[in-house]
Amino acid sequence: MLRLIEMEETTKRRLFAFIIDFLVVNLIIWALTLLSYPVIAFTGSFFLYNYWLILLAIVTISYFTYFEYHGGTIGKLNQGLKVASKEGELKYKQVIIRNLPKICWFPLILDLILGYNKELRLFDRIAGTKVIMGDQ
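Residues numbered from 1 in each chain as written. Predicted model: local features only at pLDDT ≥ 70, side-chain atom pairs only at ≥ 80, totals over all residues. Heavy atoms only, no water.

A short note on the pairing of strand 2 (residues 129-133)
Within a regular strand, side chains alternate between the sheet's two faces.
Right, on to step 1. A large share of strand 2 lies buried, amounting to 4 of its 5 residues.
Right, on to step 2. Pairing geometry for strand 1 (residues 81-85) and strand 2, over 5 bridges, is antiparallel. Across the sheet, Ala 84 pairs through a bridge with Lys 130, a residue of strand 2. (Buried < 20%, exposed > 50% of the residue type's maximum accessible area, 1.4 Å probe, protein only. Helix = DSSP H or I, 4+ residues; strand = E, 2+ residues; numbered from the N terminus. Pairing = 2+ DSSP bridges.)

Some remarks on helix 2 (residues 52-69)
An α-helical segment advances 3.6 residues per turn. Residues three or four places apart therefore align on the same side.
Right, on to step 1. A rise of 1.5 Å per residue sets the reference length of helix 2, with its 18 residues, at 26 Å; its end C-alpha atoms lie 25 Å apart and thus fit the reference within 8%.
Right, on to step 2. Of all the positions in helix 2, only Trp 52, Ala 57, Val 59, Thr 60, Ile 61, Tyr 63, Phe 64, Thr 65 and Glu 68 are classed as buried.
Right, on to step 3. Positioned one or two residues after helix 2, Gly 71 has a phi angle of 115°, which is positive. (Expected span 1.5 Å × (residues − 1).)

Some details on the confidence of the model for the protein
Right, on to step 1. Counting all residues, the mean pLDDT for the protein is 85, and 85% of those residues have values of 70 or more.
Right, on to step 2. Here helix 5 (residues 105-115) is the element of the protein with the lowest mean pLDDT, 67, and helix 3 (residues 74-79) is the one with the highest, 95. (pLDDT = per-residue confidence, 0-100.)

Here we look at the packing of helix 2 against helix 4 (residues 92-99)
Right, on to step 1. Where helix 2 contacts helix 4, the two axes come as close as 9 Å, and the packing angle between them is 140°. Judged on the interaxial angle alone, helix 4 and helix 2 are oblique. Handedness of the helix 2/helix 4 crossing: right-handed. Residues Ile 61, Phe 64, Thr 65, Tyr 66, Glu 68 and Tyr 69 of helix 2 touch helix 4, and the partners they reach there are Tyr 92, Val 95, Ile 96, Arg 98 and Asn 99.
Right, on to step 2. Grouping the constituent residues of the contact of helix 2 with helix 4 by class yields 7 nonpolar, 2 polar and 2 charged. (Axes fitted to C-alpha atoms, helices over the stretch in contact; angles between N-to-C directions. Parallel < 35°, antiparallel > 145°, perpendicular 65-115°, else oblique. Left-handed = near helix turned anticlockwise from the far one by under 90°. Contact = heavy atoms within 4.5 Å. Nonpolar A, V, L, I, M, F, W, Y, C, P; charged D, E, K, R; others polar.)

Brief notes about a nonpolar patch on the surface
Right, on to step 1. Taken together, the side chains of Tyr 66, Phe 67, Tyr 92, Ile 96, Leu 100 and Ile 103 define a hydrophobic patch exposed on the protein surface, amounting to about 500 Å² of accessible area.
Right, on to step 2. Position of Leu 100 among the secondary structure elements: in the loop between helix 4 and helix 5.
Right, on to step 3. Judged by its relative accessible area of 39%, Leu 100 falls in the partly exposed class. (Patch = residues over 30% accessible without salt bridge, like charges linked within 9 Å, V, L, I, M, F, W, Y side chains within 5 Å. Areas by Shrake-Rupley, 256 points an atom, 1.4 Å probe, with all protein chains shown as cover. Salt bridge = Lys/Arg side-chain N within 4 Å of Asp/Glu carboxyl O.)

Description of the environment of Ser 62
Right, on to step 1. The residue Ser 62 is located in helix 2 in this model.
Right, on to step 2. Here Ser 62 falls in the partly exposed class, since its relative accessible area comes to 38%.
Right, on to step 3. Residues Ser 62 and Ile 96, 34 residues apart in the sequence, show an inter-C-alpha distance of 8.6 Å.

Put into structure tokens, the structure is as follows:
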């Protein structure tokens, strides 16, 4: 019973952390848009916005990978969570693999559905990682 309560608490914290991180990534994209718009408008290079989804994917994977490897994203730090390796020291490869579904929504939803039985996410199992409370 205690394990179930801990899992529910961790799941809630992970959800709140993801919402915070989602807002941070959107803030970064918004700032990039705001900064680049005058140049794009002046040069008439509006076709660059066709590649904004690629930029969003790069910013998303970079944000989550860099910060999770170096202690935690803003959301995870706020919620007292961190990513740990199941097999020793956390590696960049593990963090990249676990964050691949975050590039767009559909793979993340699929990742949650497929992985919900044993752990919260399938890609945590594939990467050999887990999200733990920061004090563990």
